[in-house]
Amino acid sequence: PLIFFDRVPTGAADDQMAIVLDDARGAIAAIDTALARGFDRIAHLAGSSAVNIGVERRRGFDEALRRHGIVIEPEWVIEGGFDEIDGYRGFERLWRSGARPNAIHCVSFPVALGVVDAMRAIAPEALGRVLIIFFGPRDAARFVPAPYV
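Residue indices follow the written sequence of each chain, beginning from 1 at its first position. Note on the predicted model: pLDDT of at least 70 is required for a residue's local features to be given, and 80 or more for side-chain atom pairs to be given and counted; whole-chain, interface and lining totals, by contrast, use all residues. The basis for every side-chain value is the complete set of non-hydrogen atoms in the structure, without hydrogens or water.

Attention shifts here to the overall build of the chain. Numbering of helices and strands runs from the N terminus; a helix is a DSSP stretch of H or I covering at least four residues, while a strand is a stretch of E covering at least two. Counting its regular elements, the chain contains 4 helices and 6 strands. Each helix and strand of the chain, placed in order from N terminus to C terminus, yields the pattern β-β-α-β-α-β-α-β-α-β. Throughout, radius of gyration means the C-alpha value; the globule benchmark is 2.2 Å times the number of residues raised to the power 0.38. The C-alpha radius of gyration computed for the chain amounts to 15 Å, which stays within 12% of the reference 15 Å derived for 149 residues, consistent with globular compactness. Taken along its principal axes, the extent of the C-alpha atoms in the chain is 50 × 30 × 30 Å. Three exposure classes are used, based on accessible area relative to the maximum for each residue type with a 1.4 Å probe and protein chains only: buried under 20%, partly exposed in between, and exposed over 50%. Put simply, the chain has 149 residues, and 46% of those count as buried. Using a 1.4 Å probe, accessible areas were evaluated by the Shrake-Rupley method; residue-level cover was limited to the displayed protein chains. If you sum the accessible surface of the chain, you get close to 7800 Å²; carbon and sulfur atoms cover 53% of it.

By convention, a stacked pair of Phe, Tyr or Trp rings (six-membered ring in the case of Trp) has centres within 6.5 Å and planes under 30 degrees apart, an edge-to-face pair has planes over 60 apart, and any other such pair is tilted. This structure, assessed with the given rule, holds 2 aromatic pairs. Taken together, a centroid distance of 5.0 Å and an interplanar angle of 20° make the contact between Phe91 and Trp95 stacked. Here Trp95 and Phe91 lie together in helix H3 (residues 84-96), a separation of 4 residues that amounts to about one turn. For Phe91, a relative accessible area of 0% translates into the label buried. Look at Phe109 and Phe134: their rings are 5.3 Å apart centre to centre, the planes differ by 50°, and that puts the pair in the tilted class. Note that Phe109 is positioned in helix H4 (residues 109-122) and Phe134 in the segment after strand E6 (131-133), a separation of 25 residues in sequence. Phe134 shares its class with Phe109; the two are buried. In our convention, an over-ring charge means Lys NZ or Arg CZ found within 6 Å of a ring centre and within 35 degrees of that ring's normal. The ring centre of Phe135 lies 3.7 Å from the NZ or CZ of Arg57, which sits over that ring. The lysine or arginine in question, Arg100, covers the ring of Trp95, its NZ or CZ lying 4.0 Å from the ring centre.

Moving on, we get to the nonpolar core. In this description, a nonpolar core means a group of buried Ala, Val, Leu, Ile, Met, Phe, Trp, Tyr and Cys residues linked to one another through side-chain atoms lying within 4.5 Å. Within the largest apolar cluster, 31 residues are counted, with the highest numbers of intra-cluster contacts made by Phe91, Ile104, Ile132 and Phe134. Put simply, the parts of the chain that give this core at least two residues each are strand E3 (42-46), H3, strand E5 (103-106) and H4. Top contributing element to this core by residue count: H4, with 9 residues. Counting residues in each nonpolar core, the second largest holds 14 residues, with Ile31, Phe39, Ala64 and Val77 among its members.

As structure tokens, this is what we get:
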């Protein structure tokens, strides 16, 4: 037997064994925290919709914004991958389009690292001003400049 841990490809059999987090609930809690801190222009660097964490974290993002009556800006939701380069490219695309979110919800910690690298290269003024929201181990926060959730 095969047991998936953390990530399950879409289309896997319903009876497929898996150990996963409640990614949607985690995203909702993170967005609620950001909004409580006054960050209300939130972009989402989404992972692939072919993997459960991409789907569920996006679902939580959408649900949290809807609950708070915030319109989801379609151009502020960028589907990509889960790696640093995806964060870099996602931030670059947002910033070059003229979008100025005050928070970025990253689908993974590597994506958040890519965002930080892109901020340093493209928009150093965003460092320390744009909230970075990510999923990852608590001690990973030392690699991400404040503010973060």
